[in-house]
Each structure stands twice: as structure tokens, then as C-alpha cells.
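Residues per chain, in single letters:
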Amino acid sequence: MQSEKTLFLDALDEEDPVVRQRLVELACRDDDELRQRVEALLAAHVLPANPLDRPVGMNSVAGRAIASAAESFRPTQHIGMTIGSYRLMEQIGEGGFGLVFVAQQEQPVRRKVALKIIKPGTDSKEVIARFEAERQAVAMMDHPNIAQVFDAGVTEDGRPYFVMELVRGVPITEFADSHLLDVRGRLELFTHVCSAVQHAHQKGVIHRDLKPSNVMVTLHDDKAVVKVIDFGVAKAIGQSLTDTTIYTRFFSMIGTPLYMSPEQAEMNGLDVDTRSDVYSLGVMLYELLTGATPFDRERLDSANFDELRRIIRDEEPLRPSARLTTLGAQMTTVVRTRRTSQDRLATSIRGDLDWIVMKALDKDRTRRYESASAMSQDVLRFLNDQPIEARPPSRVYQLVKLARRNRVAIGTALLIALTMMVGTLASLWQMSIAITERNQKVIALEEATEARQEIEQFADKITQANLLIASGQSHADSGRWQSANEDYARAVRMQPSYFLPWMQRAQLFIRLKLWNEAADDFRIALDLGAPTDSPQWAGVSALLLWTGEAQAYRNLASKNAARVMQTDSPFAWDALRGLVIAPDTHQTITAQQCVERADGWLRQLDTPLGKPRNDDPRRPRRPDGTDGTGGPPRHDVLGFRELGDSLPIPVCQYITAIAHLRAGDYPIAIELLEDAGSDDRWPFFELVYAPLAMAHHQAGNPDDALAALELSYLALESVARELINQPNVVQDSPWFDFVETLVLNREAAILIHGHAPRPLVELETLRQQSLEKLALEEM
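Cut-offs used in this document
- Residues numbered from 1 in each chain as written.
- Predicted model: local features only at pLDDT ≥ 70, side-chain atom pairs only at ≥ 80, totals over all residues.
- Heavy atoms only, no water.
- Helix = DSSP H or I, 4+ residues; strand = E, 2+ residues; numbered from the N terminus.
- Buried < 20%, exposed > 50% of the residue type's maximum accessible area, 1.4 Å probe, protein only.
- Contact = heavy atoms within 4.5 Å.
- Areas by Shrake-Rupley, 256 points an atom, 1.4 Å probe, with all protein chains shown as cover.
- pLDDT = per-residue confidence, 0-100.
- Expected span 1.5 Å × (residues − 1).
- Pairing = 2+ DSSP bridges.
- Axes fitted to C-alpha atoms, helices over the stretch in contact; angles between N-to-C directions.
- Parallel < 35°, antiparallel > 145°, perpendicular 65-115°, else oblique.
- Left-handed = near helix turned anticlockwise from the far one by under 90°.
- Nonpolar A, V, L, I, M, F, W, Y, C, P; charged D, E, K, R; others polar.
- Core = buried A, V, L, I, M, F, W, Y, C linked by side-chain atoms within 4.5 Å.
- Phe/Tyr/Trp six-rings, centres within 6.5 Å; stacked < 30°, edge-to-face > 60°.
- Salt bridge = Lys/Arg side-chain N within 4 Å of Asp/Glu carboxyl O.
- Patch = residues over 30% accessible without salt bridge, like charges linked within 9 Å, V, L, I, M, F, W, Y side chains within 5 Å.

## Looking at the overall build of the protein chain
Per the secondary structure count, the protein chain includes 32 helices and eleven strands. Relative to its 779 residues, the protein chain shows a buried fraction of 47%. Restricting the contact set of the protein chain to residue pairs at least 6 apart, pairs at least 24 apart contribute 66%. Surface accessibility of the protein chain: about 38,500 Å² in total, with carbon and sulfur atoms responsible for 52%.

## What to know about the confidence of the model for the protein chain
Residues at a pLDDT of 70 or more form 77% of the protein chain, whose mean pLDDT is 80. Within the protein chain, the lowest mean pLDDT, 39, falls on helix α4 (residues 61-71), and the highest, 96, falls on helix α29 (residues 689-698). Throughout residues 243-252 the model reports pLDDT below 50, and contacts reaching past four residues in sequence, or to other chains, amount to 20 contacts.

## Considering helix α22 (residues 515-527)
If you check α22, its first and last C-alpha atoms are 18 Å apart, about what 13 residues at 1.5 Å a residue would give, namely 18 Å. Buried within α22 are the following residues: Trp515, Glu517, Ala518, Ala519, Asp521, Phe522, Ala525 and Leu526. Positive phi shows up at Gly529, right after α22, with a value of about 90°.

## A short note on the sheet that holds strand β9 (residues 215-220)
What the three strands build is an open sheet, ordered β7-β9-β10; its pairing is antiparallel. Strand pairing shows two members of the sheet lacking a second neighbour, β7 (170-171) and β10 (223-228), which therefore form its edges. Relative to β10, β9 runs antiparallel, the two being bridged by six bridges. For Val217, the partnering residue across the bridge sits in β10 and is Val226.

## Topic: the pairing of strand β6 (residues 160-164)
The buried count for β6 comes to five of five residues, which makes it a mostly enclosed element. Neither face of β6 is exposed, since Pro160, Phe162 and Met164 on one face and Tyr161 and Val163 on the opposite face are all buried. Strand direction decides the pairing type here: strand β5 (residues 149-154) and β6, joined by five bridges, are antiparallel. Across the sheet, residue Val149 finds its bridge partner in β6, namely Met164.

## Quick word on the packing of helix α21 (residues 499-511) against α22
Where α21 contacts α22, the axes come no closer than 8 Å and their chain directions differ by 160°. When the axis of α21 is compared with that of α22, the two are roughly antiparallel. Note on packing geometry: the crossing formed by α21 with α22 is left-handed. Here Phe499, Trp502, Met503, Arg505, Ala506, Gln507, Phe509 and Ile510 of α21 come into contact with α22, specifically with Trp515, Glu517, Ala518, Asp521, Phe522, Ile524 and Ala525. Its residues assigned to classes, the contact of α21 with α22 comprises eleven nonpolar, one polar and three charged.

## Observations concerning the pairing of strand β4 (residues 111-118)
Among the eight residues in β4, six count as buried, and that is most of the element. Between strand β3 (residues 98-105) and β4, which pair antiparallel and follow one another directly, the connecting turn spans five residues. As paired strands, β4 and β6 are joined by four bridges and run antiparallel to one another. Directly across from Ala114, in β6, lies its bridge partner Met164.

## Thoughts on the nonpolar core
One finds Trp537, Trp573, Leu576, Tyr654, Trp682 and Phe738 to be the most contacted residues of the largest nonpolar core, which totals 103 residues. Ile311, Met331, Phe382 and Ala390 belong to the second-largest nonpolar core, a separate cluster that totals 77 residues.

## Here's the deal with the sheet that holds β6
The sheet built from six strands is open, its strands ordered β1-β2-β3-β4-β6-β5 with antiparallel pairing. At either end of the open sheet lies a strand with only one pairing partner, and these are β1 (82-83) and β5.

## Things to note about the packing of aromatic side chains
Using the criterion set out here, one finds seven aromatic pairs in the structure. Ring geometry for Trp573 and Trp601: centres 5.4 Å apart, planes at 70°, overall edge-to-face. Of this pair, Trp573 sits in helix α25 (residues 572-580) while Trp601 sits in helix α26 (residues 591-604), and the two are 28 residues apart along the sequence. Trp601 matches Trp573 in its accessibility class, with the two residues each being buried. Centre to centre, the rings of Trp735 and Phe736 are 5.5 Å apart; their planes meet at 85°, and the pair counts as edge-to-face. Pair check on accessibility: Trp735 and Phe736 agree, each one buried.

## So, the environment of Leu281
Tracing the sequence through the fold places Leu281 in helix α9 (residues 274-290). Residues Leu281 and Pro212 lie 69 residues apart in sequence; the distance between their C-alpha atoms is 9.6 Å. Residues in contact with Leu281, not counting those within four places in the same chain, are Phe190, Val193, Cys194, Val197, Leu210, Ala372 and Met375.

## Observations concerning the pattern of salt bridges
On inspection of all chains with the given rule, the structure shows 32 salt bridges. Several salt bridges share partner residues, and in doing so they unite Arg299, Glu307, Arg310 and Glu315 into one network.

## Things to note about unusual backbone geometry
The omega torsion of the bond from Gln107 to Pro108 falls at 0°, within 30 degrees of zero and hence cis. One can find Pro108 in the loop between β3 and β4. In this structure, Asp385 is a non-glycine residue whose phi angle is positive, near 55°. Tracing the backbone shows Asp385 in the loop between α16 (372-383) and α17 (395-405). On the basis of relative accessible area, Asp385 is assigned to the partly exposed category, the value being 24%.

## A closer look at the environment of Val761
Among the structural elements, Val761 can be located in the loop between α31 (735-753) and α32 (762-774). Take Val761: its relative accessible area is 58%, and that puts it in the exposed class. Measuring from C-alpha to C-alpha, the distance between Val761 and Ala720 comes to 9.2 Å, with 41 residues separating the pair along the chain.

## Notes on a nonpolar patch on the surface
Residues Leu418, Met421, Val422 and Leu425 make up a contiguous nonpolar surface patch of roughly 390 Å² in combined accessible area. Residue position: Met421 is located in helix α18 (residues 407-427).

## A look at the packing of helix α20 (residues 481-494) against α21
Viewed as axis vectors pointing N to C, α20 and α21 meet at an angle of 155°, and their least axial separation amounts to 9 Å. As judged from the angle between their axes, α20 and α21 are roughly antiparallel. Where α20 crosses over α21, the handedness of that crossing is left-handed. For the pair α20 and α21, contact is made by Trp481, Ala484, Asn485, Tyr488, Ala489, Ala491 and Val492 and by Pro501, Trp502, Gln504, Arg505, Leu508, Phe509 and Arg511, respectively. Residues that form the contact of α20 with α21 fall into these classes: ten nonpolar, two polar and two charged.

## Points about α32
Helix length check: α32 (13 residues) gives 19 Å between terminal C-alpha atoms against 18 Å at 1.5 Å per residue, within 8%. Within α32 the residues assigned to the buried category are Glu762, Leu763, Leu766, Arg767, Ser770, Leu771 and Leu774. On its buried face, α32 is in contact with α20, α21, α22, α23 (540-546), α30 (702-725) and α31. Positive backbone phi, at 55°, marks Ala775, one or two positions downstream of α32.

## So, the side chain of Asp362
Its place among the elements puts Asp362 in the loop between α15 (352-360) and α16. Here Asp362 is in contact with Tyr279, Arg367 and Arg368, once residues within four sequence places are set aside.

## Notes on the environment of Lys119
By secondary structure assignment, the location of Lys119 is in the loop between β4 and α5 (125-139). With a relative accessible area of 8%, Lys119 lands in the buried category. Measuring from C-alpha to C-alpha, the distance between Lys119 and Arg159 comes to 8.1 Å, with 40 residues separating the pair along the chain.

Now the structure itself:
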């Protein structure tokens, strides 16, 4: 029989009151006295921990009256209640501390919404803090696959609430089963979940309770739409979601055990990061493929608290393809809802999908996917018959993938080769059969041995290189620059034909503002075939131009031109920005085509522009960081970046303006640049000065051109000083805004003055600072 304390702690981890009551009854069995003591502890837990926080003595008559009122509360009492401009119509959900209702909004528009409000009697510090955290977390999201927040407030009796998009859907697993989605359909639906989670992570929020019931799917015009809901246990990454601390019970697990990562169950103070959500995504994909979770639901339900934690932390689950063999009678339902047979389902999952799922479920979070986006990309590679990254890409494995993508061509080649072999054997038939067979066996044995050794050595080197890359990233994140550089250098020497070590070391040099070294590594990674459709390549075009890597820039420009001409290419704005940064567009795309693309994309954006600045948007910045008007110092400007397919509106206007500048549309370029520079949401609006100077010069406005060029140079000086004086401060604007300003300022000076601008001496000081961090000689 468990102790009173153990039962109390176990019950606290169940937020659903019904499940909590059933847990206590099963654990206590016939011991009524033990059950009453545990229930008394649970009832007292929802009251303020400090007696001074209680409005009246809880042993008094008034205190018992309050407790009785809370005990007799029924959700139906809310039906018909009006909160602000919302009338509650029906209850559709209930959590450990919140109630969810369908509400009718009366004004300013009439529509049905979902309204979530704290339960009466559960307004402890922890509950209010978590509810406020959820409200803040969901309000930060702006993604088509995350339920949108419309409003928030506090009721007359002081209970927080918020209003969000009403999602009439079903859990993703139930949707997939009821619509008989095959494996491909389930994977395509899963990538939308990854996209939503990646957006949350970019906003600095970890969900921490991802499970099918929090991923709803509904149909819009016969198209399945995913909506991620319930950020009730969300945690901010490196920041507070609210102005107050989020209170959490000591030694409490946050999340649902079936979908909980080992570090959540560990409860040893280890910071939970975005890879915890990657683990939960792995469990969800596991269930979508097999119809079961990695650990049996009944087994976890029956385990005590310590045993449950041990299972999650220490036991390795079966691979999805192996899990299918344990389902028994349930297997009939699983294959029917996936429109396949048992053998075909196991074959389709075995191999790549096993690797993808098990990489996400790795107990060591450093070996999981680094992000939800990385996991989604691997799923897409599987769907496109491309090599996945979930296991070392051996030559044999890549050859198998190549054969699958080119079945017809390889089959024809094999047929021709077979025909030639038969003819050769016929012509040599008269030779000594015994000698020929002996020689062939010896040669085949030698070749097989050499091939096996080569494959094993290659796989071993890739594995060691990846371990060194992970170690380098850990050192860099902790500011151990020399150790990080040494790890990356060893990975490069160990596998020089592997592009990833070069890219990772280039990112290290970027962080240290060692532009030439970063450009060299990016050039080598590009030559080795590194994919360029990821955020890591944003700004590399400007970096290559600034450091004189002309051929590498042309190679990257050809890839950017292809992405710009595609209608559904990711990060298309970044690709277009990499093209128009140079005076001449790539030979495969004209300046007018760039203009047409930019204008079309800009028209599709419906986000309103920010309020114009009260003073001159082209005002210079003083070296001390002020704007000359008595305003506060400017923010640091080299870390802000909104990743994904969408950029801030002023940045999109800026890119469109450069496209018009390259096409000779100078008045349009000037108008767009001035609009972009006046938007308060852009931390580094000074980026518009150099192209504005060129546009004014070409339009015949020499005074405006000279003024804008000088402002551009002053901005560069100010930023460079900030980087020297505050090298460890996280900046507001991405590094490549600074490099791009250097490139455009140089082009504008040559155009207007006929020569390069005066040297920026701060760059050499910044370089020496970085070299000292690495303890290297001048390169």
C-alpha cells in the first residue's frame, strides 16, 4: 500500500478532477481512512499556501461557506452569462484549472468564438500564473495552424479569460482514422503540425504538452486544416511570458506522461527546451503510423509515480515497425484505417520512418532533431524518395535512394549490361572454366572486403564528425570559442567532403564577425552541394560580395534565381534579396522579372504598416546612440530576425524597392524605401539609406543623394562601435543587415563619388577582438 504522501503527489499530477478521483480510489482500495486523508490534502492544495493570503479563516463558518460554494459549483451556471461582449452558449472543454465555452460575440462583429476562463475556487498563484502564461503564449502566435487569439480580459470577479478562434475539429489521430488516410496522407498532415510548432519555437514558446487532443483537424473547403491548441503549460524560452513568475509545484511533472520527454520526467532542474516538443512530435508520429503509443497506455496508468518516471527516462521503446507485431487483434483496425495490408504497412514503415521516429524519441536530446522544422524536412525527404538525415548517409544507402528515384533508367542500364555480359561469357566459354571460376571468386572476395571496409570507415567518420559538430555547438553556445573552433576544425579534417562541418564553422565565424573566414567556409560548403533553402543561408549572398567571392556568389545566385521563379519555394523573399543585392541580376532571371515577383508577393501581404515616425525617417544617428532629438539610445541592431516564409512588412518593401532600383524605376524605389524606413517595427531602418542615395542620384536629386549616403556611413560607424563596446549583447537586427549595408554603401559611394568610401576603421578593431577570442594568429 502506498503512503499518504506518495498518493498525494501522484494525484497532483492529474489535472482532470475525474481522473484524479479515480486514481485515489484505486490506490486506496478498501482503506477509507487513507482515502479521506488524501482527499483532504487535495482539497487543501487549491487554497492559498500562506494563511495570510486567505480572505477568512478556513476553519471559520465563513471559510467553510466559501469552500462549500466552490464545491457546489457547476459549469452549467455559466451558460447564458455575458462576459464583456461575449455571451456563453455551451461548454465544450474542461481542464485542471480552466473551462472552455462556445460564446457568441455581439460586437464589433457577430461571430461564434471559444472563450476560456479560470474555474471558481482554483485561483491559486500557480493556476493564475499558468493561465496567464497560456494567454500570453497564444497571443504571440500568428500562424494558420495555431488557433488565433482575438481578445483577453478579466471578469468582474477577477478571473482572467481570453477569447480565441473556435475550432470545430477532432484530434489528429481520430481524423486520420475516420478519413482512412494512408501513410503518405498522415505524413503530409503531420508536416503542418511541425510547421505550427516551429512557429511557436521561433516566438520563444515551448508547448510542453503536445498530444493528439491538442492538435485538432477540421475541414475547410474539403481541405484538412490543422490547429494546435492549449498552450496551458507552455514555457517561454529564455524569457518570461508574464510579468510575474510562473509558479510550479516542487517535483511536479508538466505534461501528459504518454507524450512526455525524458527530461520532463527527470525533474532534476535540467532546462526543458524545444527538443522536448520534438520528442512529443515523435510520439504523435509513432501513434499516427502504428495506432499505438511507444509505451503501453494501460501499463503507464497502473504504474506508480517513480515507476512511471523510470519507464519514460530509461526504457527504450520498440521501433514502430516492430510495435506493429505486438498489437494483436487491434492490428485489424490499424490496417483498415490506413487502407493497406499488415505486410505492406510494416514494409512502408520499416527503415526510414523507423529512423525518423526513433531519432525524435532519442533519450539524449542532443541526438534528437534540433528543431521541429528539421524533423519536418526529413519527413518531406522521405516522401520525395531522398536520403534522410536521421541516420548516417552511407554510400550504399544513398545508392539505394538513387535507384528508387531512377528505376526506369537504372533498369534499362542493368538490362543492357546483362545482355553484354551474356555475350562476353559466350565468347569466352572455351577458356578454362576452372581457372576462370577460381579467379572470379578471389577477385569478388577481395572487392567485397574492400567495399565493406570502405563503407564502415566512411560511416564511422561521419558519426565522429557529427559528434564533433554537436560538441562544437555546445562550446559555442557557452562562449567557449576556441574549443568550438577546434572541434569544427577536427570535423573538417576528418570528413572534408562533408558540407555540414564547413557550414557550422561558418556560423561560428559569423557570430564572431570574422567575415572573410565565414565566406571561405560557406564557399566550400556550396561547392560540396550543401542545400541552400534554409534560414542559415540568409545574407550569405551579401557576405560573398563583401569579401570578394565573386564565383561563389554567382553559384548561389543561380540557386536563388531558381527558387524565385518557383511559386511555392520556401524563403523566397530571402532568395530575391540575395539576387537584387548585386547591380546585375543573374543571367537566368531579368530585373523586370524580379520586380514582377516582388510586387506580386507584396500585394499578397495584408499586414497593416506601422505608424510613421514623428520625426524625419531619414534622420542620422549620433555615435552615442541618440537621434539628436533627446530620445533614448538606439537598440543594438544585429540579432533580430523573423524566420520563415514571411518577413516583416518593411523588409519586404525594402527588397521590392531594391528590385525597382535595379530595373530603373527610381521614383517607385524612393517611395518604397521611405515608407520602409518610417516603419517603427524595423530595428535597422538605416539599411534604406545607401539604396536611397543611389535612387536619388539616378533620379537627378544630387543633394538628397549626398545626404542619404552620409547617413548610411554614420549608421555603419554607430553599429560598429556598438559591436566593439558591447560584444556579448544580443542584438535586435540580423548580422547580414550590417554586411548588406557595407555592400550597398560601397556601391553608392563609387556611383556618386567615383571611388570607395573612407575606410571604416572600427572593422579592424572588431576583427582583432574576435581573433583574441579564438587565440589565433592573423589569418
